[in-house]
Amino acid sequence: MLLVRRFEERTAQAYTEAKIGGYCHLNLGEEATVVGLMAAIEERDYLFTNYRDHGYALIRGMDPGRVMAELYGRQDGVSKGWGGSMHLFDTDVRQLGGYGIVGGQLPLAAGAALAVSYRDGDEVVMCQMGDGTTNIGAFHETLNMATLWDLPIIFVVVNNQLGMGTTVEMSSAEPELYKRASAYRMESARVDGNDVIAVRDAAKVAVERARKEQKPYLLETVSGRLKGHSVVDPAAYRSKDEVEAVRAQDPVAGLHDQLIADKVADADQLAEIDADVHRIVKAAVEFAEKSPAPEVSSLFDYTYASPVPNDSRRLPSDPLFPVGA
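Quick notes on the rules
Residues numbered from 1 in each chain as written. Predicted model: local features only at pLDDT ≥ 70, side-chain atom pairs only at ≥ 80, totals over all residues. Heavy atoms only, no water. UniProt positions renumbered as here; feature names shortened; annotations may be inferred. Salt bridge = Lys/Arg side-chain N within 4 Å of Asp/Glu carboxyl O. Helix = DSSP H or I, 4+ residues; strand = E, 2+ residues; numbered from the N terminus. Buried < 20%, exposed > 50% of the residue type's maximum accessible area, 1.4 Å probe, protein only. Phe/Tyr/Trp six-rings, centres within 6.5 Å; stacked < 30°, edge-to-face > 60°. Pairing = 2+ DSSP bridges. Right-handed = clockwise from strand over helix to strand, strands pointing away.

The protein chain carries the name Pyruvate dehydrogenase E1 component subunit alpha in an unreviewed UniProt entry, which gives Jiangella aurantiaca as its organism. Within the UniProt record for the protein chain, the comment given under Cofactor (unreviewed entry) is "thiamine diphosphate". The record in UniProt for the protein chain states the following under Function (unreviewed entry): "The pyruvate dehydrogenase complex catalyzes the overall conversion of pyruvate to acetyl-CoA and CO(2)."

Printed below as a string of structure tokens:
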């Protein structure tokens, strides 16, 4: 959890220094959910996430240096610098994307689950999304198909209680989002997203059902978002009392205090862990800053997986027609 926290804090700093560009969404405040979910799936399983994907990439096993290099838009990034913050993808750890389009990952995750089922595999697919995604068509279409086709998939709604700046209660007729699964006769549950153990245990139940029974599951984790929707969002729509309430439930600080109270660790041991994490993050930044920018000529190399007739490779600065034509 500390790795996610410190990495995201350093990411926010790099963004303000203009070393990271484009859209950038952080997992600050969702660390318990991230770690709990990743502890419940195995190496053989597949993961799809939305654009708030940095923490998942780190805990899933992507190298922090390569993740930071991707945020910097450098060649040594996990997507060779062309994906950026929202598109962390690494087949080695079976994380098949961050997706920038709200809900874009759901049909693809269902497709992966269908492939597993078709091949009689025992892997499962976990598909993470934000609360706002539950209001789009792809959510309902995909859950419907998942039940009809008995797909081994776990849908996880990370409910940070704000769709950008709109509260769940203002945008959802049923704000207890896990209940939406009942429309598709799908098992579901809701869990405290600030409790890493509770998240892990609830996710394990969902994973077990998907793996053994080939049945989909909807899990809702409820947590707070410590910052705005993205790095550039000042979150002015929150009152001072609301901000303080979210900070009071900080999962990292809460686990720190709980470990000491339960005598699992003392303050010095936790400080040592934090120091180790700082070194990891510092090394990741140094790796990213030394990595070269990708060559412009490679811009279209990964548009398609195989050659496509009449594939346009014209850059914005290129003339529409050849000179003299």
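### A few points about the pattern of salt bridges
Enumeration over the complete set of coordinates arrives at 21 salt bridges. Close ionic contact of arginine 211 with aspartate 45 constitutes a salt bridge, the shortest N to O distance being 2.8 Å. With a gap of 166 residues between them, arginine 211 in helix 8 (residues 196–213) and aspartate 45 in the loop between helix 2 (31–40) and strand 1 (46–48) connect regions that are remote in the sequence. The burial state of arginine 211 is the same as that of aspartate 45; both residues are buried. Aspartate 201 is the salt-bridge partner of arginine 200, the closest N and O atoms lying 2.9 Å from each other. A relative accessible area of 27% means that arginine 200 is categorised as partly exposed. For aspartate 201, a relative accessible area of 36% corresponds to the partly exposed category.

### Considering the packing of aromatic side chains
Each aromatic ring pair is described using two quantities: the centre-to-centre distance and the angle formed by the ring planes. Scanning the model with the defined rule gives one aromatic pair in all. Where phenylalanine 48 meets tyrosine 99, the ring centres are 6.2 Å apart and the plane angle is 20 degrees; that geometry is what we call stacked. Taken together, the positions of phenylalanine 48 in strand 1 and tyrosine 99 in the loop between strand 3 (95–96) and helix 5 (105–118) put the pair 51 residues apart, joining distant regions of the chain.

### Examining the pairing of strand 4 (residues 125–130)
Judged by how many residues are buried, strand 4 sits mostly within the fold: six of six residues are covered. On strand 4, burial covers both faces: Val125, Cys127 and Met129 on one face and Met126, Gln128 and Gly130 on the other are all buried. For strand 1 and strand 4, the ladder comprises three bridges, and the chain directions are parallel. Along strand 4, the bridge assignment pairs phenylalanine 48 with cysteine 127. On the question of chirality, the crossover connecting strand 4 to the parallel strand 5 (residues 153–159) by way of helix 6 (residues 137–148) is right-handed.

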